[in-house]
Amino acid sequence: MHRIARKILQERLVHQQLHSKGSEITVALSGGVDSAISAWLLKQEGLRVRGVFLRSWGTGDEKEDCAYRDDRLAAQQVAGYLKLDDFQEIDLRPEYWNEVFMPHFVEGYRNGLTPNPDLACNRYIKFGVLLRHAARQTNLLATGHYARCQNGQLFRAFDRDKDQTYFLASVAPDALTRLRFPLGHWTKKDVRALARELGLPNANRASSRGICFVGRRGSITSLLDEFLPTSAAWRAIDVDTGRLLGFVSPYLTLGQRVRLGGLPHAFYVCDKDPQSGVLYVCAGRSNPALFCWGYEVEPFDLWRAWIDREQARSTSDCIRRGLHFQAWYRQTPSPCIVRLCNQAESASPGDAAQTHLEANLQSIQLIQVIVPGSKPSAPVTAPGQAVVLYHNDLCIGGGTVRRLIRELENAPPWLTNCAARSTSLVVKDA
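Position labels on residues start from 1 in each chain and follow its written sequence. Only residues with pLDDT of at least 70 are given local features in this predicted model, and only at 80 or more are side-chain atom pairs given and counted; all residues enter the totals for whole chains, interfaces and linings. Side-chain metrics in this entry use all non-hydrogen atoms of the structure; hydrogen atoms and water are not considered.

- Named according to an unreviewed UniProt entry, the protein chain is tRNA-5-taurinomethyluridine 2-sulfurtransferase originating from Cyanidiococcus yangmingshanensis.
- UniProt positions are given in the numbering used here, feature names are shortened, and annotations may be inferred rather than shown by experiment. As recorded by UniProt, the Sequence similarities (unreviewed entry) comment attached to the protein chain reads in full: "Belongs to the MnmA/TRMU family."
- Under Catalytic activity (unreviewed entry), UniProt gives the following word-for-word description of the protein chain: "5-taurinomethyluridine(34) in tRNA + S-sulfanyl-L-cysteinyl-[protein] + AH2 + ATP = 5-taurinomethyl-2-thiouridine(34) in tRNA + L-cysteinyl-[protein] + A + AMP + diphosphate + H(+)".

Right, here's the structure in full:
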């Protein structure tokens, strides 16, 4: 065994979660170095490894499909080099189109949302359809994601810069019990070094970036102009002055800079009104309009499973502290307080937040993620995006943003004055 390979295995392999459900495992090979090293590591554990290459997108366009062919060839070369027990390609383009692209992505934008197709793809395609396909031959599915999975729970990766739990937060809890993430205790630097030491054919291949279906179009706006050609430009209105500044694409999202000529300052999207076709903008990144108290979200299954475990400790608690959230990938996790509520008791944008709610957890349909402080400090995040919650290294889920909490009238003192470092899990009284 090569020097680097031996050294890294001694340091890392001991941390890998070893399943005993069977001697075979399926590895999703993307053509990249991460999935290749994942397959090699599993072989070192003595498992029979089957490789599968997933095709989820393709239009027949020669330029657009060339990346797919390159990825497939790289995956085939890795499978041959590692002498995997099997290699096959699975074509899930119809499933991706019908379960992710049209209903989640296109219709989301049509309704004024900013959806995250990566989370939907992981839930419905990679760890949905592909997982069921893998089950025909093996008990487990592995990928090159940087994350850790143990007993159906999801944990952050050792390499915080590469941690991908944000994109895995919507995966069903029962699927997590059958997943392996061999790179959970690895750093990208070590993975790349090991690939070169082993002489893998894709050792120096660049990591994939961007959304697969954007392709040659270069931007989501160009793609949506093709699938939603009837969408007219929206009015860009200065939220501070009420002045009409021009007309812009309706697909700009909250926090994004708006390209408007002849203005002395940079303007950013702070709110959208799909019914009126209005995009509200504000001057400068520090403008108060770019911040809110928090988010009201529709929870993922993983959050519900965590709540079920927590509920065993108490039957009446409804507000929880000691949690952190991310409103986008690579955002530094920030402290938050989470309030459980149900659909009927959800506050409208102008309503004051309730300080206490005795809720039947079986009926919970919404959660409110609130950032404590004396003024709004949570960055605006577009409805349709995901807010993911963490308790230390444990990813407890999160949900899809339904609306921003702009107003928090009559806020209780414990919310505006509580220290961010508080680790108390429950507040029982206002």
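### Section: the overall build of the protein chain
- Helix and strand content of the protein chain: 11 helices and 21 strands.
- In what follows, a contact means two residues having at least one pair of non-hydrogen atoms within 4.5 Å. Looking at the protein chain alone, contacts between residues at least 24 apart form 69% of all its contacts between residues at least 6 apart. The secondary structure listing takes helices from DSSP runs of H or I that are at least 4 residues long and strands from runs of E that are at least 2 residues long, numbered from the N terminus.

### Remarks on the pattern of salt bridges
- The salt bridge criterion pairs a side-chain nitrogen of Lys or Arg with a carboxyl oxygen of Asp or Glu, the two atoms within 4 Å. For the structure on display, the rule yields 17 salt bridges.
- The salt bridge partner of R72 is E89, with a shortest N-O separation of 3.5 Å. One end of the pair, R72, is in helix α3 (residues 62-82); the other, E89, is in strand β3 (residues 86-91), with 17 residues separating them in the sequence.
- In this structure, the salt-bridge partner of R148 is D393, at a minimum N-O distance of 3.3 Å.

### What to know about the packing of helix α4 (residues 93-110) against helix α9 (residues 220-227)
- Simply put, an axis is a line fit to the C-alpha atoms, just over the touching stretch for a helix, and the angle between two N-to-C directions goes from 0 to 180 degrees. Running from N to C, α4 and α9 cross one another at 95°; their axes reach a closest spacing of 11 Å. It follows from the interaxial angle that α4 and α9 lie roughly perpendicular. Along the contact surface, α4 presents W97, F101, F105, V106 and Y109, while α9 presents I220, L223, L224 and F227.
- Classifying every residue of the contact of α4 with α9 gives 9 nonpolar, no polar and no charged. Each angle is binned into one of four classes, with values under 35 degrees roughly parallel, values over 145 roughly antiparallel, values of 65 to 115 roughly perpendicular, and all other values oblique. For this classification, the nonpolar set comprises Ala, Val, Leu, Ile, Met, Phe, Trp, Tyr, Cys and Pro, the charged set comprises Asp, Glu, Lys and Arg, and every other residue, Gly included, is treated as polar.

### Structural notes on the pairing of strand β19 (residues 386-391)
- A 1.4 Å probe rolled over the protein chains alone gives each residue an accessible area, and that area as a share of the maximum for its type sets the label: buried under 20%, exposed over 50%, partly exposed in between. Here β19 lies mainly inside the structure; 5 of its 6 residues are buried.
- DSSP bridges decide pairing: two strands pair if at least two such bridges lie between them. Pairing of β19 with strand β20 (residues 394-405) involves 6 bridges; the strand directions are antiparallel. Residue pairing in the sheet places Y390 in a bridge with C395 of β20.
- The turn linking β19 back onto β20 is made up of 2 residues, and N392 within it adopts a positive phi angle of 60°.

### With respect to the nonpolar core
- The nonpolar core is taken to be a set of buried Ala, Val, Leu, Ile, Met, Phe, Trp, Tyr and Cys residues, with the residues joined through side-chain atoms within 4.5 Å. Membership of the largest hydrophobic core comes to 45 residues, with the highest contact counts inside it found for L130, L154, L179 and F181.
- Counting residues per element, the ones that place at least two in this core are β2 (48-55), α4, α5 (117-134), α6 (165-168), α7 (173-176), α9 and β19.
- The leading source of residues in this core is α5, at 9 residues.
- Lining this core are residues from two domains, each supplying at least three of them: domain 1 (20-198) and domain 3 (293-345 + 363-418).
- Residue contacts for L130: discarding those within four places in its chain leaves A28, V52, L54, I90, L92, I125 and L141. All the domain ranges listed were derived from an automatic or database domain assignment.

### A few points about the packing of aromatic side chains
- For this analysis, a ring pair means two rings from Phe, Tyr or Trp (six-membered ring only for Trp) whose centres lie within 6.5 Å, classed as stacked if their planes differ by under 30 degrees, edge-to-face if by over 60, and tilted for the remaining angles. Under the counting rule described, the total for this entry stands at 10 aromatic pairs.
- Ring plane angle 80° and centroid distance 6.2 Å describe the contact between F127 and F181, whose orientation is recorded as edge-to-face. Of this pair, F127 sits in helix α5 while F181 sits in the loop between β7 (179-180) and α8 (188-198); the two residues are 54 residues apart in sequence, bridging distant segments of the chain.
- Summarising the aromatic geometry, the rings of Y166 and F167 are spaced 5.5 Å apart at their centres and angled 90° between planes, so their arrangement reads as edge-to-face.
- Joined through ring pairs, the aromatic side chains of W97, F101, F105, Y109 and Y251 make up one cluster.
- The rule is short: NZ of Lys or CZ of Arg within 6 Å of the ring centre and within 35 degrees of the ring normal puts a charge over the ring. When the ring centre of Y68 is taken as origin, the NZ or CZ atom of R55, which lies over that ring, is 3.7 Å away.

### Overview of the environment of A195
- Summarising the element assignment, A195 is placed in helix α8.
- Taking relative accessible area as the criterion, A195 reaches 0% and is therefore assigned buried.
- Through-space distance from the C-alpha of A195 to that of V33 is 7.0 Å; in sequence the pair is 162 residues apart.
- Contact partners of A195, with chain neighbours within four places excluded, come to V33, I37, L200 and A203.

### Things to note about the packing of helix α2 (residues 33-44) against α8
- Close contact between α2 and α8 brings their axes to 10 Å; oriented N to C, the two are set at 70°. One element, α2, and the other, α8, form an angle in the roughly perpendicular class. Judged by residue contacts, V33, D34, I37 and W40 of α2 engage K188, V191, R192, L194, A195 and L198 from α8.
- A per-class count over the contact of α2 with α8 returns 7 nonpolar, no polar and 3 charged.

### Here's the deal with the environment of C336
- Among the secondary structure elements, C336 is positioned in strand β16 (residues 334-342).
- Of the residues examined, C336 reaches a relative accessible area of 3% and is grouped as buried.
- Taking C-alpha positions, C336 is 9.4 Å from A378, a pair spaced 42 residues apart along the chain.
- Setting aside chain neighbours within four positions, we find C336 in contact with R320, R321, G322, L323, H324, F325, V369, I370, P372 and L389.

### Re the sheet that holds strand β4 (residues 141-142)
- In space, the 5 strands of this open sheet follow the order β3-β2-β1-β4-β7, with parallel pairing throughout. Edge positions in the sheet fall to β3 and β7, since each has one partner strand and no second.

### Re unusual backbone geometry
- Of note, R330 is a non-glycine position whose phi angle comes to about 75°, a positive value.
- With respect to the helices and strands, R330 occurs in the loop between β15 (319-326) and β16.

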